[in-house]
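# Fold and geometry: a report
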Amino acid sequence: MRMVRMNIFVEGSDDLRFFERTLVPVLRNRYDEVRLIPYASLRRVVVDRLIRGIERMGGEYVIVTDIDAEPSVRSKKNYILRRFEQAEPRAIAVVVMEIESWYVAGADDGFLLGCGVTPFGATDRLTKEEFDLLIPRRYISRVEFMLDLLEHYSLDRGVERNRSLGYFLHRYAPEAVTSHK
């Protein structure tokens, strides 16, 4: 039997933490192995070599990137394609707006209210800066707050409140979406 490995290129530690806690467990239902690769500090040539190696070994990969200041998903994908010559358009997933929006999307309403945060109907426009303003004073660090958000997390809510998270799950773990409805 052929082993299928999914390699997920994530930008940094906040993305890594989110994927480890919420998405890797559901992706393991589809892939024999899920490997997270933080790429923000890697040189372009290193990422291109990794992609070439993954393709040679018959593995799958996805590059996850925040939309940041780009005006559209398409322009962000084009930016990534210019940055990494080996990348394929189909293997790029754009987070709208930033990974922090995915954290808040699935957070429990009761937990948010307990933190003095009004629950969101949608988090597609939530930026890193707006996220930082939500952090209650009782938290010593943003990481501590992020970990608590993940302790009270539901993929159901996340998919309902953030379209790019829903797209990611439909694309890479469709069985998780139907099992979370």
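Below is a summary of the structure that appears in this document. (Residues numbered from 1 in each chain as written. Predicted model: local features only at pLDDT ≥ 70, side-chain atom pairs only at ≥ 80, totals over all residues. Heavy atoms only, no water.)

### Notes on helix 7 (residues 142–151)
- Every buried residue of helix 7 is accounted for by Phe-145, Met-146, Leu-149 and Leu-150. Viewed along the axis of helix 7, the buried residues span an arc of 140°, placing them on a single side of the element.
- Buried residues along helix 7 sit in contact with helix 1 (13–27), helix 4 (99–105), helix 5 (109–114) and helix 6 (128–134). (Buried < 20%, exposed > 50% of the residue type's maximum accessible area, 1.4 Å probe, protein only. Helix = DSSP H or I, 4+ residues; strand = E, 2+ residues; numbered from the N terminus. Arc of directions from axis to C-beta. Contact = heavy atoms within 4.5 Å.)

### Considering the packing of aromatic side chains
- Summed over all chains, the structure comprises 13 aromatic pairs.
- Ring geometry for Phe-18 versus Tyr-103: centroids 5.2 Å apart, planes at 55°, classification tilted. Taken together, the residues Phe-18 in helix 1 and Tyr-103 in helix 4 connect sequence positions 85 residues apart. The burial state of Phe-18 is the same as that of Tyr-103; both residues are buried.
- Residues Tyr-139 and Phe-145 carry aromatic rings whose centres are separated by 5.2 Å and whose planes lie at 65° to one another, so their mutual orientation is edge-to-face. In terms of burial, Tyr-139 and Phe-145 fall into one category: buried.
- Ring pairing ties together the aromatic residues Phe-18, Phe-19, Trp-102, Tyr-103, Tyr-153, Phe-168 and Tyr-172, which thus form one cluster. (Phe/Tyr/Trp six-rings, centres within 6.5 Å; stacked < 30°, edge-to-face > 60°.)

### Re helix 3 (residues 73–83)
- The set of residues buried in helix 3 consists of Ser-75, Lys-76, Ile-80 and Arg-83. One face of helix 3 carries all of its buried residues, which in axial projection span an arc of 145°. Helix 3 presents Arg-74 and Arg-82 as exposed residues on the side facing more than 90 degrees away from its buried surface.
- Where helix 3 is buried, its residues contact helix 2 (44–56), strand 3 (60–66) and strand 4 (92–95).

### Considerations on the pattern of salt bridges
- Taken as a whole and judged by the stated rule, the model has 10 salt bridges.
- The salt bridge partner of Glu-33 is Arg-5, with a shortest N-O separation of 3.1 Å. Pair noted here: Glu-33 is in strand 2 (residues 33–38) and Arg-5 is in strand 1 (residues 5–10), with a separation of 28 residues, a long-range link.
- For Glu-33, a relative accessible area of 26% translates into the label partly exposed.
- Among the ionic pairs, Glu-100 bridges to Lys-128, the shortest N-O distance being 3.1 Å. Here Glu-100, found in helix 4, pairs with Lys-128, found in helix 6; they are 28 residues apart in sequence, far enough to count as distant.
- According to the relative accessible area criterion, Glu-100 is buried, its value standing at 0%. (Salt bridge = Lys/Arg side-chain N within 4 Å of Asp/Glu carboxyl O.)

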